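# Coordinate inspection notes
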Amino acid sequence: MILRIGKSLLRLGFLFALPAAADPHPHAFAGIETYLIESPSATVTDLSGLAICRGQLLAVSDKISDTIFAITVVDGRASIAPALHIPPPPQRKTSYHAPANLLYRLDAARYADRLDWEGIACRGDTIYLLSERNNAVLKLAGNSSSWLPVDWYEPLYRTGFLHTYNAFVEGIALRDDNTFLIAIEREPRGIMTLQRDAADAWKITASALSNDKPLPFRAGNPDVADIAIHRDSAFTLERNASAICRRDAQTLRTDSCFSYFDIEDDARWRYADSNFGIGEGLAMDDQWIYIVFDSNDKTRIDAADDHRSLLLRIPLPLSWRMPR
């Protein structure tokens, strides 16, 4: 396997929030629908990734390693139920040699059976799951599972990424059959590209994600929670700014952003634990944008006994229905 790491563009000057203005948020999404996701049995929380696969809205949880869930929205209600069983993946050795990640190694040993899914993507009948615990992508095809034969941890660590415990990879999307875009959460936040060539060798490149249409990240904590590809554009979930931005799928330069801040700031929907924001999963089709919130098993401020995850369904803005 060939591993070549691109020079990371650590433009840290872009990564800090601007001083507060009268209206620091981008234009608000119109027509946002809110749903508290109901479970037929035990409440499923800690949802961490979304994808639309063959017309079905699928979700993964970072606390449940053996199940892919389906979310349905019918008659003003959203519900979640198991959809696919994840076969036990083969053992995989990981390269965690940096002293800064001692805590991560200890945590990985403590929760060895938890794969910490943070993203899901699909191509045809094949599903790809992103494991933050293993810093790897699991391929599901039929009843078999296998890790993609690429190890990005060491090369990314050498270029300044993945130094912060529990702030590694957060989302995955496919630009084409052989190109994956993977969101790197923070410090610095970025996008990694995995590209497979005809010889089945992998090229790894990564660059810091700029804040080129300035967003007001909470407490100066810029991050990225998920990425989606739709109509040849990349869309990033700017969690700590309560926004989604459309970006060029090649350069990742920002085209425009929309905000869901008014919903997240509403006490009816806000969770007690929102230090880093709780928007976790992003998916979209020609009509809707979906955002799922990770409740961290916390309750909402306005409902002290309600642990359910929040789903936003948003009509795709008219400007995003048009080509770039």
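What comes next concerns the included structure. (Residues numbered from 1 in each chain as written. Predicted model: local features only at pLDDT ≥ 70, side-chain atom pairs only at ≥ 80, totals over all residues. Heavy atoms only, no water.)

### Some details on the packing of aromatic side chains
Inspection of every chain in the model, using the stated rule, returns 10 aromatic pairs. Consider the rings of F29 and W320, whose centres lie 6.0 Å apart with planes at 80°: the pair is edge-to-face. Placement of F29 in the segment before β1 (33-36) and of W320 in helix α4 (residues 318-321) is noted, with a sequence separation of 291 residues between them. Here F29 matches W320 in class, with each residue buried. (Phe/Tyr/Trp six-rings, centres within 6.5 Å; stacked < 30°, edge-to-face > 60°. Helix = DSSP H or I, 4+ residues; strand = E, 2+ residues; numbered from the N terminus. Buried < 20%, exposed > 50% of the residue type's maximum accessible area, 1.4 Å probe, protein only.)

### A closer look at unusual backbone geometry
Of the consecutive residues E187 and P188, the connecting peptide bond is found in the cis state with omega at -10°. Relative to the assigned elements, P188 resides in the loop between β11 (179-184) and β12 (190-196). The backbone of D232 sits at a positive phi, close to 65°, despite the residue not being glycine. For D232, the location among the structural elements is in the loop between β14 (226-230) and β15 (233-238). Classification of D232 by relative accessible area gives exposed; the value is 69%.

### Thoughts on the pattern of salt bridges
The final tally for this structure, using the stated rule, is 23 salt bridges. For R231, the salt bridge goes to D286, with nearest N and O atoms at 3.4 Å. Taken together, the residues span a long stretch of sequence, with R231 in the loop between β14 and β15 and D286 in the loop between β18 (279-284) and β19 (288-293) at a distance of 55 residues. For R231, a relative accessible area of 49% corresponds to the partly exposed category. (Salt bridge = Lys/Arg side-chain N within 4 Å of Asp/Glu carboxyl O.)

### With respect to the sheet that holds β19
Reading across the sheet, the 4 strands line up as β1-β20-β19-β18 and stay open at both edges, with antiparallel pairing between neighbours. Both edges of this open sheet fall to β1 and β18, since each of them pairs with a single strand only. Taken pair by pair, the neighbouring strands of this sheet meet at an average axis angle of 20°, ignoring direction. With 5 bridges joining them, β19 and strand β20 (residues 310-315) adopt antiparallel strand pairing. What sits directly across from I291, in β20, is L312. (Pairing = 2+ DSSP bridges. Axes fitted to C-alpha atoms, helices over the stretch in contact; angles between N-to-C directions.)

### Quick look at the environment of V169
Residue position: V169 is located in strand β10 (residues 169-176). According to the relative accessible area criterion, V169 is buried, its value standing at 0%. Every residue in contact with V169, bar those within four places of it in the chain, is listed here: E118, L130, S131, E132, N135, W152, I182, A183, I184 and M192. (Contact = heavy atoms within 4.5 Å.)

### As for the nonpolar core
Grouped together as the largest cluster of nonpolar side chains are 24 residues, with contacts concentrated most on W152, L156, I182, M192 and L194. At the level of secondary structure, the elements contributing two or more residues to this core comprise β7 (126-131), α2 (153-158), β10, β11, β12 and β13 (202-208). Listed in part, the 23 residues of the second largest apolar core include F29, Y271, I291 and L312. (Core = buried A, V, L, I, M, F, W, Y, C linked by side-chain atoms within 4.5 Å.)

### A look at the pairing of β20
Within β20, 5 of the 6 residues are buried, leaving the element largely enclosed by the surrounding structure. When β1 meets β20, the two strands line up antiparallel, connected through 4 bridges. In the sheet register, L36 faces β20, and the bridge partner there is L310.

### A few points about the state of the cysteines
Counted under the stated rule, the structure contains 2 disulfides. Across a sulfur-sulfur distance of 2.3 Å, C53 and C122 are joined as a disulfide pair. Taking the sign of the S-S torsion, about -110° here, the bridge from C53 to C122 comes out left-handed. With C53 in strand β2 (residues 47-53) and C122 in strand β6 (residues 117-123), this residue pair connects regions lying 69 residues apart in the sequence. For C122, a relative accessible area of 19% puts it in the buried group. A sulfur-sulfur separation of 2.0 Å characterises the disulfide bridge that pairs C245 with C257. In this structure, the disulfide formed by C245 and C257 twists by about 100° around the S-S bond and is classed as right-handed. Of the two residues, C245 sits in strand β16 (residues 243-248) while C257 sits in strand β17 (residues 254-259), which places them 12 residues apart along the sequence. Of the two residues examined, C245 and C257, each falls in the buried class. (Disulfide = S-S within 2.5 Å.)

### Topic: the environment of P323
Mapped onto the fold, P323 is located in the segment after α4. Spatially, the C-alpha atom of P323 lies 8.7 Å from that of D232, the residues being 91 residues apart in sequence.

### Notes on the side chain of R313
Note on placement: R313 falls in strand β20. For R313, a relative accessible area of 15% puts it in the buried group.

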